[in-house]
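The chain contents come next:
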Amino acid sequence: MESTESEFRNHDKNLSHDRVYYGDTSEVNSVGYADYNEYSQSNERKQGMKGFDEKYSDFVDYIMKITHNIWEEKGIGVIYDTYHNNVVMHTGTINIHGINEVVSGTLQTLHAFPDRRLLGENVVWSGNDQEGFYSSHRIASKATNLGDSSFGPSTGKKAFFRTIVDCFVHSNRIIEEWLIRDNLYIVQQLDLDPVEVAKQLAKKTKNKKVSLQTRFGANETMEGQYMPTAYIPKHDKFEIGDFILELYNHIWERRLFNKVKDFYMDHSTVHYICDKDLIGTQQIQGMLVSLFASFPNAKFIVERVTCNELSDEKWDVAVRWRMMGLHEGIGYFGEPSGNHVEIPGISHLKVYNQKVVEEWITFDGLDVLRQVHMDSEDDHFHSEESE
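Calculation rules
- Residues numbered from 1 in each chain as written.
- Predicted model: local features only at pLDDT ≥ 70, side-chain atom pairs only at ≥ 80, totals over all residues.
- Heavy atoms only, no water.
- Helix = DSSP H or I, 4+ residues; strand = E, 2+ residues; numbered from the N terminus.
- Buried < 20%, exposed > 50% of the residue type's maximum accessible area, 1.4 Å probe, protein only.
- Contact = heavy atoms within 4.5 Å.
- Areas by Shrake-Rupley, 256 points an atom, 1.4 Å probe, with all protein chains shown as cover.
- Salt bridge = Lys/Arg side-chain N within 4 Å of Asp/Glu carboxyl O.
- Pairing = 2+ DSSP bridges.
- Axes fitted to C-alpha atoms, helices over the stretch in contact; angles between N-to-C directions.
- pLDDT = per-residue confidence, 0-100.
- Core = buried A, V, L, I, M, F, W, Y, C linked by side-chain atoms within 4.5 Å.
- Domains from an automatic or database assignment.

1. What to know about the overall build of the protein chain
Step number 1: The helix and strand tally for the protein chain stands at eleven helices and 13 strands.
Step number 2: Taken over 387 residues, the protein chain has a buried fraction of 53%.
Step number 3: In the protein chain, of all internal contacts separated by at least 6 residues, the share reaching a separation of at least 24 is 65%.
Step number 4: Summed over its atoms, the accessible surface of the protein chain is roughly 18,000 Å², and 48% of this surface lies on carbon and sulfur atoms.

Below, the structure written as structure tokens:
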């Protein structure tokens, strides 16, 4: 592999503090509320795009166009021109390696949902054409389940769902990708039993296991007897990176749900998985309590923050995060199983006047159920033959 996102992290000249990156919106034609018919007509190049095809006017345009070409125009072969041969794709807690797997997965998804329409809602980005670009693309999809899928036989049902995809891109090729789709809501709309589907997926996963240790201890919020460290802002006045890291540290890592009102406006809207809209600070608090009740001692990590300033006091922000711990409480995911669960997620936030006014939280709840319903027997050192 020519370069990696971790190498890019070390070289990003716009980095002001750990994990936080910034993109200059004056260099690109932002998506905003633009209709794709209008957006696609813009071809003014304001950004350095060395190594990229001439047809892409800027990095946001690159992300929007290849998504449209591959999925809506069924130009599957565009993948060969825009993905690295050794691409790594993180789909929930499962990793896919190589361009052939990307082609295969795309074909299988289109077989199951052949009329899928992808509406690009926003692209938050950072980087340059020297060290590489990074995008976080939020997509709303409408589709009809006309073919069999990993969920089961075709149902003929229609579905609406959101996906957020983060990509590290260099010289016209996607080198690493993080794909988070709301599969739980898809299964619900197909009138399938999410628990039964999750159990079948868990069974398939278990059958693929080799006789090696797959877990290495339990992730908990505290390390030993030390409590989670409080984040200390690095600036005397409001700074978007500080604001986001402090928000996640207080609310998600330290479980100070009383702090929600300090970071969210009273009328803030959070678009949660399964198309649940949470209005106001009390409903946001209720969601957080329910989620963490399932994993009360889970470790929470912010992996990356990407910030785009829209105008004074207005920001688009993407946050890639991860939760890891034991399913040991009664909460959003039902009766505790005691199983180890890992939840990768990506959130998009709109920050106006130093408060969050709108947020999209995306993680794969079906993948969580798959882990919850994995056989809890400790078979790390048993071979498949002995079973």
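2. Quick look at the pattern of salt bridges
Step number 1: Counted according to the given criterion, the structure contains 13 salt bridges.
Step number 2: The salt bridge involving E72 is made with R117; its shortest N-O contact spans 3.7 Å. Separated by 45 residues along the polypeptide, E72 in helix α3 (residues 59-72) and R117 in strand β4 (residues 117-128) bring together distant segments of the chain.
Step number 3: Between E303 and R320 there is a salt bridge, with its nearest N and O atoms 3.0 Å apart. Taken together, the residues E303 in strand β10 (residues 299-311) and R320 in strand β11 (residues 314-326) connect sequence positions 17 residues apart.
Step number 4: Under the relative-accessibility criterion, R320 is labelled buried at 6%.
Step number 5: Each of E303, R320, R322 and E342 takes part in a single network of salt bridges with overlapping partners.

3. Some points on the sheet that holds strand β7 (residues 173-181)
Step number 1: The six strands are arranged β3-β2-β7-β6-β5-β4 in an open sheet whose pairing can be described as mixed. Looking at which strands have only one partner, the edges of the open sheet turn out to be β3 (94-97) and β4. Strand-to-strand twist across the sheet, computed as the mean angle between neighbouring axes with direction ignored, equals 15°.
Step number 2: Examined bridge by bridge, strand β2 (residues 83-91) and β7 share five bridges and lie parallel to one another. Among the inter-strand pairings, M89 is bridged to a residue of β7, identified as E177.
Step number 3: Along the sheet, helix α5 (residues 99-112) makes contact with β2, β3 and β5 (132-144), crossing β2 at roughly 55°.

4. Remarks on the pairing of strand β6 (residues 158-170)
Step number 1: The buried fraction of β6 is high, at eleven of 13 residues.
Step number 2: One ladder, built from twelve bridges, connects β5 with β6; its direction is antiparallel. Within β6, the residue paired with S135 across the bridge is C167.
Step number 3: Here β6 runs beside β7; their pairing, made up of eight bridges, is antiparallel. Counterpart to D166 in the pairing with β7 is W178.

5. Comments concerning the confidence of the model for the protein chain
Step number 1: In this model, the protein chain carries a mean pLDDT of 89, and residues with pLDDT of at least 70 account for 90%.
Step number 2: Note that residues 1-16 has pLDDT below 50 and, in this model, 35 contacts with residues that lie over four places away or in other chains.
Step number 3: Low pLDDT (under 50) marks residues 376-387, which in the prediction has 16 contacts with non-local residues, meaning those over four places away or in another chain.

6. Considerations on the nonpolar core
Nonpolar side chains tend to gather and get buried jointly when the protein is soluble and globular.
Step number 1: With 65 residues, the main nonpolar core has W252, Y264, V317 and F363 as its most contacted residues.
Step number 2: Counting the residues that make up this core, at least three belong to each of domain 1 (25-200) and domain 2 (218-373).
Step number 3: The next biggest cluster of nonpolar side chains, apart from the first, holds 34 residues, and it includes M49, I76, L118 and V169.

7. Considerations on the sheet that holds strand β8 (residues 264-272)
Step number 1: Taken in spatial order, the seven strands of this open sheet run β1-β10-β11-β12-β13-β8-β9, and their pairing is mixed. Unpaired on one side and paired on the other, β1 (20-23) and β9 (276-279) mark the two borders of the sheet. Put simply, the sheet's adjacent strands are angled 15° from each other on average, direction ignored.
Step number 2: With four bridges connecting them, β8 and β9 associate as antiparallel partners. Paired with Y272 across the bridge in β9 is K276.

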